[in-house]
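Analysis of the macromolecular model
Okay, here's what each chain looks like letter by letter:
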Amino acid sequence: FGYKLVVFCSILMAFVFIEAQQLSLDDCCKDGQKRGNDNEDCASLPLISPSTTCRIVQEQCCVTVLEDNMCTTGINVAKEQGLCDSLFANTCETKTAKMCCDCCLVGKAALELGLSCDHSLSVGYQCGLVSRACCVHGSQNNQTAETTLTEGKCAHRCEGNDTCICFKGYKLKPDGKSCEDINECLLGASNCRAGERCINTEGSFRCQREVSCGTGYELTDSNNCKDIDECETGIHNCGLEFKCQNTQGSFRCLPKMQCGAGFIQDALGHCIDINECVSQTGPCPRGQVCINTLGSYICQRNAVNCGRGYHLNDDGTRCVDIDECKAPVPVCGGHGCINQLGSYRCECESGYNFNSITRLCEDNNECRHYPGRLCAHKCENTLGSYKCSCTTGFKLAADGRNCDDLNECESNPCSQECANVYGSYQCYCRRGYQLSDLDGMTCEDIDECALPTGGHICSYRCHNTAGSFHCSCPVSGYTLSPNGRSCQDVDECVTGTHHCAENQSCFNVQGGFRCLSFECPHTTRLERSDTVRCVKSCQPNDFVCILDPTHSVSHTFISLPTFREFTQPEEIVFLRTTVPAYGVYPLVTYEVNFEILEGNLENAFDIIKRVDNGKYVGVVRQVKPLIGPVATVLKLSMRNLTAQGDSSQNIINVHVFVSEFWF
C-alpha cells in the first residue's frame, strides 16, 4: 500500500547531513533491512561504518522491516480469523501486530456497513492507513467494471463519469488522478505459502523462501548465502590506524604500522616497549643485573648492598659500621650519643626520654605524667623541665612549687580602705561613701540629701558635702540645735532682740515675735500675766457698764507650724471654767456654752465642750491644715447660763500665728 509504519518503541528525530564516508545511506539501509529480515536485535547491530548517520539509518531500516513483518502478521490474523485475541500480550512487538489487526478489522467493518474507506475517525495516522488499506482492498476485490485509460486526465484508467481508477496493485492518490503502489505484503494480500516471505514489488509482489544465512552473509535472489565483504562495503569498525582484511563471514583489522624489535603492538595499534628483564628468564649472566631500556635492555655488574648502619669500605669489598655519633649533624640533638654496630643510642638529659622508633630524645611532659603532684596550682611544661605558676591572688613560694597568699593591699588598689583576704582582697569605704558598682574599688560620695529619707535628715535644708552633709535653718528666727539637724526657735522676747515699745507686749512666735498692745477701758482693771486680761470693774451709777454682760476680755496667743501631715484634729487652746459639770450651787443651776465668734479662717478651727476633773472645759481644735505664714484672731465666747436665763460671758481673743515651716 506504499506507506511506512512509524510506531517505534523509541522515536527517531530524523536529520540529514553530508558526511565523508565509505558507504552510501542506501547501503546502510539495505544492511539494516537484511538484518531485520533475519530477526536480529536492531539495537545491537555490528558497525559497518564509523559514520553516526549510517548507524542510525541501519538501525531504523532494521526496525521498519521488523515492524512491517509484525503489522503484516496482525493484518493476516484479522483477515483469516476475524479476531485479534490471539495477539494479546504486553510486549512491544505484539502490541504492533495487535494494533494492525484491530485497525484492519475497523476497515473491514466500514466496508461491510457501506461507509467510506476515508473515514474521519481520530484513531491515529498509522491505524488510519491500515484501516483504509483493508477497506480499499476489499472493495477492489468486488470491483468488476473497468474502463480504458483516457490520456491527459487519469494516470491509469478513466470511467465514463470521468472518475479515475488504478491498475491492480495500485491505489488512487488524494489528487484523484495519480496512482501509487499497494504494499500487498504489509496488507497481508499476498498468497505466499508457509516458509516463504513476501517481498513487495512495483504493482505486485513476489514470494521468496525464507533462508537464514547468519551474520556476515546475505541471501541472493537465487536463495543462496553469499559472504559479505565488510571491507569493500565499508561496514567494518577498523580504526584509522588499521586496515580491513575480509574473511569468510567476518573481517579482521590489521595495524598499518609495523613495530620494530623490542616492541609489541597493542589492540589499538600502538607500539609498546617489551620489558625483557621480566618477560625473559635470566637474560643477563650470573652476577649481573638486567636493566630495561626503550626497545632493549642492558646488563650491569651486581653491586654490594650494605644494610642500614653500614657502608662499603674504601676497596668496595666489604661492609663496615657507620659511626653515626661522628656525623656532621648531631643525630641526638645535643644529647649524649653512643655508637653501636649498625646503629647508635642516645643518652638523653634529664627531662627527656629516648624514642626507639624515631631514635630521638623527646621532651617528657611532667605536668601530664604527674598531674597535681608537682605544683600547688598550675603546671606548665617546658623543654626538659616544667615550671609552676599560681592563680590570681597568690604568688609563687620560695620552693617554686607552692603558692602563698598575695597581699594586694600593699599596691593600694582601693581608693580608701583595703582588707586583704586569702587569695584576694576587699575594698571598703569610710562613713559617707559607698563602693562603686563599676569597679568595686572606687569609693563614691553618698548624697545623703538625695536618699529616700533625705527629706527627714534635716528640719529645714540639707547640704551634701564630700563624705557627709550638714543642715541649715532659715536665716532669721531659728538656730541649729546641738544635734546639728533640728531647727530651734529663737525666743526674741527672752533674748531681748525684739524691738517692741514700752507700751507693747512681746509675744514669741515660731521663727519670730509679735509686738501687741492692749488697752483696757477706763472702767476696767488691767492685769498682766501670760495672758493679758481685762476684768470689768464698774463705777457706781455706771449702768451701762453694769448691764454689759461681758465680764472680762482676755488676749492670749499661740504659734502653730505648717503641718506636713495632718491626719487628725489638733487641740491647741483649753478654756477651763470653775463651773462643776454635775453639781449645782444653792438655789442656782449653771450651764456653760462655748462659741467661735470671729476669725475662723477657712473654718480651720472648731470648739468643743468636755468635762475634765469634774469641770467644764472648752477645747479649741485645728481641724484643717493652714499653709503659713498666716495670722488670725479667734474671738471666743464663754457664756455662763442660769436656769433663770441670766447670763454673763467672757471674751477670749486668741492671736494665732501659723509659721511657714513645719518645725
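In this text, all values refer to a predicted model and were calculated from it rather than measured experimentally.

Conventions and cut-offs
- Residues numbered from 1 in each chain as written.
- Predicted model: local features only at pLDDT ≥ 70, side-chain atom pairs only at ≥ 80, totals over all residues.
- Heavy atoms only, no water.
- Helix = DSSP H or I, 4+ residues; strand = E, 2+ residues; numbered from the N terminus.
- Areas by Shrake-Rupley, 256 points an atom, 1.4 Å probe, with all protein chains shown as cover.
- Core = buried A, V, L, I, M, F, W, Y, C linked by side-chain atoms within 4.5 Å.
- Buried < 20%, exposed > 50% of the residue type's maximum accessible area, 1.4 Å probe, protein only.
- Contact = heavy atoms within 4.5 Å.
- Pairing = 2+ DSSP bridges.
- Axes fitted to C-alpha atoms, helices over the stretch in contact; angles between N-to-C directions.
- Expected span 1.5 Å × (residues − 1).
- Polar contact = N/O pair within 3.5 Å; in protein donor to acceptor, adjacent residues only side chain to side chain.
- pLDDT = per-residue confidence, 0-100.
- Salt bridge = Lys/Arg side-chain N within 4 Å of Asp/Glu carboxyl O.
- Phe/Tyr/Trp six-rings, centres within 6.5 Å; stacked < 30°, edge-to-face > 60°.
- Disulfide = S-S within 2.5 Å.

Overview of the overall build of the protein chain
Within the protein chain one finds ten helices and 43 strands. Surface accessibility of the protein chain: about 40800 Å² in total, with carbon and sulfur atoms responsible for 51%.

What about the nonpolar core?
One finds Phe605, Leu634, Leu636, Val654 and Val656 to be the most contacted residues of the largest nonpolar core, which totals 23 residues. Listing elements by their share of this core, those giving two or more residues are β37 (550–560), β38 (570–580), β39 (590–598), β40 (605–612), β41 (615–622), β42 (630–642) and β43 (647–658). Excluding residues that lie within four positions of it along the chain, Leu634 makes contacts with Ile596, Glu598, Gly599, Asn600, Phe605, Val620, Ile652, Asn653, Val654 and Val656. With 17 residues, the next largest nonpolar core counts Val77, Cys100, Cys103 and Leu187 among its residues.

Quick notes on the pairing of strand β18 (residues 343–347)
Where strand β17 (residues 336–340) and β18 come together, five bridges link them in antiparallel fashion. Pairing of Gln340 across the sheet is with Ser343, part of β18. Taking the residues between adjacent antiparallel strands as the criterion, β17 and β18 are bridged by two residues, where Gly342 takes a positive phi near 75°.

Some points on the sheet that holds β40
Taken in spatial order, the three strands line up as β38-β41-β40 in an open sheet, and their pairing is antiparallel. Because the sheet does not close on itself, it has two edges, and the strands there are β38 and β40. Pairs of neighbouring strands in the sheet enclose a mean axial angle of 20°, with direction left out of account. Sheet topology note: the β40/β41 ladder contains eight bridges and is antiparallel. Paired with Lys609 across the strands is Gly618, a residue of β41.

Focus on helix α2 (residues 52–81)
Taking 1.5 Å as the rise per residue, α2 with 30 residues should run 44 Å; its terminal C-alpha atoms sit 43 Å apart, in good agreement. The residue sitting at the N-terminus of α2 and contributing the capping side-chain oxygen is Ser51; that oxygen lies 3.3 Å from the backbone nitrogen of Thr53.

A few points about the pairing of strand β22 (residues 385–389)
Pairing geometry for strand β21 (residues 378–382) and β22, over five bridges, is antiparallel. By the bridge assignment, Cys379 is partnered in β22 with Cys388. What sits between β21 and β22 in their antiparallel hairpin is a turn of two residues, with Gly384 showing a positive phi close to 80°.

Re the confidence of the model for the protein chain
Confidence along the protein chain averages 81 in pLDDT terms, with 87% of residues attaining 70 or more. Confidence drops under pLDDT 50 across residues 1–21; counting only partners more than four residues distant or on other chains, this segment forms 46 contacts. Across residues 144–151 the pLDDT falls below 50, and counting only partners more than four positions away or on other chains, this stretch makes 16 contacts in the model.

Some details on the pattern of salt bridges
In the structure shown here, the tally under the stated rule is 14 salt bridges. Across the pair Arg35 and Glu40 runs a salt bridge whose closest N-O atoms are separated by 3.4 Å. Across the pair Glu380 and Lys387 runs a salt bridge whose closest N-O atoms are separated by 3.9 Å. You can call Glu380 partly exposed: its relative accessible area is 40%. One salt-bridge network, in which partners are shared between bridges, spans Asp31, Arg35 and Glu40.

Re the packing of aromatic side chains
Following the criterion strictly, the structure yields five aromatic pairs and no others. Consider the rings of Tyr460 and Phe661, whose centres lie 5.2 Å apart with planes at 85°: the pair is edge-to-face. Taken together, the positions of Tyr460 in the loop between β28 (443–445) and β29 (461–465) and Phe661 in the segment after β43 put the pair 201 residues apart, joining distant regions of the chain. The exposure class of Phe661 is buried, given its relative accessible area of 14%. Ring geometry for Tyr478 against Phe661: centres 5.7 Å apart, planes inclined by 85°, an arrangement best described as edge-to-face. With Tyr478 in strand β31 (residues 478–480) and Phe661 in the segment after β43, this pair connects stretches of sequence that are 183 residues apart. Summarising the burial analysis for this pair, Tyr478 and Phe661 share the class buried.

Details of the environment of Val289
Note that Val289 resides in strand β13 (residues 288–293). Between the alpha carbons of Val289 and Cys277 there is a distance of 9.1 Å; along the sequence they are twelve residues apart.

Description of the state of the cysteines
In total, this model carries 30 disulfides according to the counting rule given. Cys104 shares a disulfide with Cys134; S-S distance 2.1 Å. Of note, the bridge from Cys104 to Cys134 carries an S-S torsion of about -110° and is left-handed in sense. Taken as a pair, Cys104 in helix α3 (residues 92–112) and Cys134 in helix α4 (residues 125–141) lie far apart in primary sequence, 30 residues in all. The burial state of Cys104 is the same as that of Cys134; both residues are buried. Between Cys332 and Cys346 runs a disulfide, and the two sulfur atoms are separated by 1.9 Å. The chirality of the disulfide connecting Cys332 with Cys346 is left-handed, given an S-S dihedral of about -85°. In this pair, Cys332 is assigned in the loop between β16 (319–321) and β17 and Cys346 in strand β18, connecting sequence segments 14 residues apart. Its relative accessible area of 4% is what places Cys332 among the buried residues. What makes Cys346 buried here is its relative accessible area of 4%.

Comments concerning unusual backbone geometry
A cis geometry characterises the amide bond from Gly628 onward to Pro629, with omega recorded as 5°. Along the chain, Pro629 turns up in the loop between β41 and β42. With a phi angle near 50°, Asn412 is a residue other than glycine that sits in the positive phi range. Along the polypeptide, Asn412 turns up in the loop between β24 (403–405) and β25 (417–421). A positive phi angle, close to 65°, is found at Asn541, a residue other than glycine. Structurally, the position occupied by Asn541 is in the loop between β36 (532–536) and α10 (543–547).

Some thoughts on helix α1 (residues 25–37)
The end-to-end C-alpha separation of α1 is 18 Å, in line with the 18 Å expected for 13 residues at 1.5 Å each. Within α1, burial applies to Cys28, Cys29, Asp31, Gly32, Lys34, Arg35 and Gly36. Next to the buried residues of α1 lie α2 and β7 (217–219). Asn39 sits one or two residues past α1 and shows a positive phi near 60°.

Focus on the environment of Ser659
Within the secondary structure layout, Ser659 lies in the segment after β43. Separated by 148 residues in sequence, Ser659 and Gly511 have C-alpha atoms that sit 7.1 Å apart. If sequence neighbours within four positions are ignored, Ser659 has contacts with Tyr478, Gln510, Leu560, Pro561, Thr562, Gly628 and Pro629.

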